[in-house]
Amino acid sequence: MPSMHFILGMPRSGTTFLGRCLASHPDIAVFGESDFWGRSYLAGDAQDGYDASVVGRVAKIQQHKDWATTTGDELGCLPGLPEGVYGRLVSAALSRLKPPVHEREIYTAITDAIRQHTGKPVVVEKCPGYVVFVRRFAHYYPQARFIAVERDPVHFAASIRHERDRFHSPLIGALIRFSRHPFIVILMWRSYALALGRARRLLGDRLMVVGFDALTEETEQTLRQ
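(A) Structural view of the pattern of salt bridges. Under the counting rule described, the total for this entry stands at four salt bridges. The residue Asp 112 makes a salt bridge to Arg 115 at a minimum N-O spacing of 2.7 Å. Taken together, the residues span about one helical turn, with Asp 112 and Arg 115 both in helix H5 (residues 103–118) at a distance of three residues. A relative accessible area of 27% places Arg 115 in the partly exposed class.

As structure tokens, this is what we get:
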């Protein structure tokens, strides 16, 4: 089983940059954003776990979770992993499971496939939204370390307002632009700030919080930490 850790925090705060930096380490493989524990989470039966149909749904969801398509960052983090390969890795890994299986077994199969593909012993998922759902999965990984990146509300709002549209649908584009109204953006920042406070209380010294300014202005020192 790979050593598993997580990057989470606020969107538009430098988590992609941090993930790419950590992925340059010879022992660390970084992927994202599977959102397995987040908004793409599928709840299995509390006792029996996931049956074959739910495992199949997980595989179908993950087919569209390449780094470039989920982050908009074409540079990526997994070396030599063209678009579509992640989905095939996941499908192959899950096809070897024998349902019923529990959620941790499914996620472990995904991360182990990444470990084998990269040959790196440490696997990190970069998914900012996990800060909201950390209670859902942190207990499964008692040895995991968590890095959260935060940003002050003014610069967070400015970054969200000027985020490049990645959507071609006029309707979705209009909804996204509406969601960038300053009032809505500040409410978004507040929800992430509150979630980060809950994560601090839950994780204790397993969580390292990094400020955006420290990450961008004191990059080398922050990466050493």
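After presenting the structure, the write-up continues.
(B) Examining the packing of helix H2 (residues 52–62) against helix H4 (residues 85–95) more closely. Where H2 meets H4, the closest approach of the two axes is 8 Å, and the angle between their N-to-C directions is 165°. Between H2 and H4, the interaxial angle falls into the category roughly antiparallel. You can see that H2 and H4 cross each other, and the crossing is right-handed. Counting all contacts with H2, which are made through Val 55, Val 58, Ala 59 and Gln 62, the residues of H4 involved are Tyr 86, Gly 87, Val 90, Ser 91 and Leu 94. The residue inventory of the contact of H2 with H4, partitioned by class, reads six nonpolar, three polar and no charged.

(C) Quick peek at a negative patch on the surface. Residues Asp 152, Asp 213, Glu 217 and Glu 218 make up a contiguous surface patch of negative charge. With respect to the helices, strands and loops of the structure, Glu 217 is situated in helix H10 (residues 212–217). With relative accessibility at 63%, the residue Glu 217 sits in the exposed group.

(D) Local environment of the packing of aromatic side chains. A complete count under the given rule lists 16 aromatic pairs for this structure. Measuring from centroid to centroid gives 5.6 Å for Trp 37 and Phe 137, while their planes differ by 20°, and the two rings are stacked. Within this pair, whereas Trp 37 is found in the loop between strand E2 (28–31) and H2, its partner Phe 137 is found in helix H6 (residues 130–137), the two being separated by 100 residues in sequence. For the ring pair Trp 37 and Tyr 140, a centre distance of 5.6 Å and an interplane angle of 40° mean the geometry is tilted. One end of the pair, Trp 37, is in the loop between E2 and H2; the other, Tyr 140, is in the loop between H6 and strand E4 (146–150), with 103 residues separating them in the sequence. Residue classification places Tyr 140 among the partly exposed residues on the basis of a relative accessible area of 22%. The rings of Phe 6, Phe 36, Trp 37, Tyr 41, Tyr 107, Tyr 130, Phe 137, Tyr 140, Tyr 141 and Phe 146 are connected pair by pair, giving a single aromatic cluster. For the cation-ring pair, Arg 136 lies above Tyr 41, with the distance from its terminal atom to the ring centre recorded as 4.2 Å.

(E) Structural detail: the sheet that holds strand E5 (residues 207–211). Across the sheet, which stays open at both edges, the five strands sit in the order E2-E3-E1-E4-E5 with parallel pairing between neighbours. Two strands close off the open sheet at either side, each with one partner strand: E2 and E5. Direction aside, neighbouring strands of the sheet carry axes that sit 20° apart on average. With four bridges connecting them, E2 and strand E3 (residues 122–126) associate as parallel partners. Residue pairing across strands places Val 30 opposite Val 124, the latter belonging to E3. Each of strand E1 (3–9), E4 and E5 touches helix H9 (residues 182–203); the most contacted strand, E5, lies at about 145° to it.

Rules and cut-offs
Residues numbered from 1 in each chain as written. Predicted model: local features only at pLDDT ≥ 70, side-chain atom pairs only at ≥ 80, totals over all residues. Heavy atoms only, no water. Salt bridge = Lys/Arg side-chain N within 4 Å of Asp/Glu carboxyl O. Helix = DSSP H or I, 4+ residues; strand = E, 2+ residues; numbered from the N terminus. Buried < 20%, exposed > 50% of the residue type's maximum accessible area, 1.4 Å probe, protein only. Axes fitted to C-alpha atoms, helices over the stretch in contact; angles between N-to-C directions. Parallel < 35°, antiparallel > 145°, perpendicular 65-115°, else oblique. Left-handed = near helix turned anticlockwise from the far one by under 90°. Contact = heavy atoms within 4.5 Å. Nonpolar A, V, L, I, M, F, W, Y, C, P; charged D, E, K, R; others polar. Patch = residues over 30% accessible without salt bridge, like charges linked within 9 Å, V, L, I, M, F, W, Y side chains within 5 Å. Areas by Shrake-Rupley, 256 points an atom, 1.4 Å probe, with all protein chains shown as cover. Lys, Arg positive; Asp, Glu negative; His and termini not counted. Charge placed at Lys NZ, Arg CZ, Asp CG, Glu CD. Phe/Tyr/Trp six-rings, centres within 6.5 Å; stacked < 30°, edge-to-face > 60°. Lys NZ or Arg CZ within 6 Å of the ring centre and 35° of its normal. Pairing = 2+ DSSP bridges.

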